[in-house]
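Chain and residue survey
Chain residues, written in single-letter form:
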Amino acid sequence: MDLKTLLVTVDADAASAPRLALACRTASALEARLIGVAAGETIPPAVADAHLGGGLSGEILETFQSMVDEELAALRSRFEAAAASHQVDAVWRGRPGPPADVVVEEAAGADLIITGRRSPLCDARAPDPGDLIVRAGRPVLVVPPVPPRDLVGGRALLAWSRSRETRLAITAALPLLRLASEVKVVTVTSEPSSTGVEKDLGTQIDWLRSHGVAATSECRASLQGTGDELLDLAAEMGADLLVAGGYGHSRMQEWVLGGVTRTLLSHGATSVLFAH
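What you see is a predicted model; the values in this text were computed from it and never measured. (Residues numbered from 1 in each chain as written. Predicted model: local features only at pLDDT ≥ 70, side-chain atom pairs only at ≥ 80, totals over all residues. Heavy atoms only, no water.)

A look at the overall build of the protein
Put simply, the test is: Only DSSP runs of H or I reaching four residues or more are called helices, and only runs of E reaching two or more are called strands; each is numbered from the N terminus. Think of it in three bands: residues with accessible area under 20% of the maximum for their type are buried, residues over 50% are exposed, and the middle band is partly exposed, with areas taken using a 1.4 Å probe on protein chains only. The contact criterion used throughout is that any non-hydrogen atoms of two residues lie within 4.5 Å. Computed with a 1.4 Å probe, the accessible areas rest on the Shrake-Rupley method; for each residue, only the protein chains presented here act as cover.
Helices and strands together make up the secondary structure of the protein, namely nine helices and 14 strands. Among the 276 residues that make up the protein, the fraction classed as buried is 49%. Considering only intrachain contacts with a sequence separation of at least 6, the fraction spanning at least 24 residues in the protein is 78%. Accessible surface computed for the protein: about 12800 Å², of which carbon and sulfur atoms make up 51%.

Quick look at the structure:
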C-alpha cells in the first residue's frame, strides 16, 4: 500500500505547528494529499454533570459555541497557509464535535493519521492518541512536541515481536521504510538471544528485503522496561521513526493501553508509528 492520503490533527497546542509542518513536508515528499482535521466540544464539560450543568443559560452555551467556531476558523487558516507554503494538495475537514469521534470518522479517507501526544486540550479540543490507535482502523503516527528530522529519507527502528499489531505496523510503514536511509529491526528481551529469536529476526529481514527494504537486526537483552529500552535504542541510532504495535482494548468505555505503548506515547524524541 502507498501513502497517498495523510490526515493531520490540528489544534491550539504549541506542539501543533511543528507537527503540521512535518505533515506538510511528508505529504510533499510522498506526493500525497493532506487532510487537516480539528474539532471541539461545543458544550462545556460541566453539562455532563446534571447538578452543575442544569443551570447553564442559552447565552452561555451560545458563547461557548462561538468560541469553538472561532478557534476552528483560526486553525483552518493556519492549516491552509502551511499547505500552500509547501504546495501540498490539501483539504480541510475540521468541524465541531468530540475530537476523537471526528478524527475516527475522517480517517476512513486516509492512509495514515498524524497526531500529537496527549495534551491538556484532550479530550474537548484535541483527540487522545490512545483513542485513535485503538479506534481508527488506520496506522497512527504520534509526533513528539519537537519532531526529529523529516520522516522521508531518515533512519527507522522497527520494534519486532510475534504480535499481530507489530506485523500490521511494519506493513503500514513500508512506504516510509523503502525511502529510509537506514532500517534496523530489534527485539528486546530479558534473556540472551536464542535460536528462535534469531530465526524470527531473519525471517523479518528476508520479508523486508522482498519488499525493497534493506535492513539489519539486533536482539537486545535488557533488564529495564521494553519501552524504555526501545527509546534508548532510538536515541542511540538517531532514529527519525520508530515502528511498533499499538496494544490496547476497550473496557467499560475506557481505552486501556499496554505498558510499552504508554511509554512510547509519552516519552522520547522520536515519532512513533503504531498500528492496532
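Quick notes on the packing of aromatic side chains
As a reminder, the rule being used: Each Phe, Tyr or Trp ring (for Trp, its six-membered ring) is paired with any other whose centre lies within 6.5 Å, and the angle between the two planes then decides the class: stacked below 30 degrees, edge-to-face above 60, tilted in between.
Counted by the stated rule, this structure contains one aromatic pair. Considering the side-chain rings of phenylalanine 79 and tryptophan 92, the 5.5 Å spacing of their centres and the 45 degrees angle between planes classify their relative orientation as tilted. One end of the pair, phenylalanine 79, is in helix H3 (residues 58-85); the other, tryptophan 92, is in strand S4 (residues 90-92), and 13 residues separate them in sequence. By relative accessible area, phenylalanine 79 is classed as buried at 1%. Taking relative accessible area as the criterion, tryptophan 92 reaches 12% and is therefore assigned buried.

So, the side chain of aspartate 200
Following the sequence through the fold, aspartate 200 ends up in helix H7 (residues 195-210). Take aspartate 200: its relative accessible area is 18%, and that puts it in the buried class.

Observations regarding the pattern of salt bridges
The following threshold applies: Basic side-chain nitrogens of Lys or Arg form a salt bridge, by our definition, when they fall within 4 Å of a carboxyl oxygen of Asp or Glu.
If you walk through the whole model with that rule in mind, you get 18 salt bridges. Between glutamate 182 and arginine 155 there is a salt bridge, with its nearest N and O atoms 3.3 Å apart. Here glutamate 182 is found in strand S9 (residues 182-189), whereas its partner arginine 155 is found in strand S8 (residues 155-159), with 27 residues between them in sequence. For glutamate 182, a relative accessible area of 33% gives the class partly exposed. Judged by relative accessible area, arginine 155 falls into the partly exposed class, the value being 29%. Here lysine 184 ties to glutamate 218 by a salt bridge, and the two come within 3.3 Å at their closest N and O atoms.

Some details on helix H4 (residues 99-106)
Extensive coverage of H4 is indicated by the burial of six of its eight residues. For H4, every residue scored as buried is listed here: Pro99, Ala100, Val102, Val103, Val104 and Glu106. On its buried face, H4 sits against strand S1 (5-9), strand S2 (33-37), strand S3 (39-40), strand S5 (95-96), strand S6 (112-116) and helix H5 (129-135).

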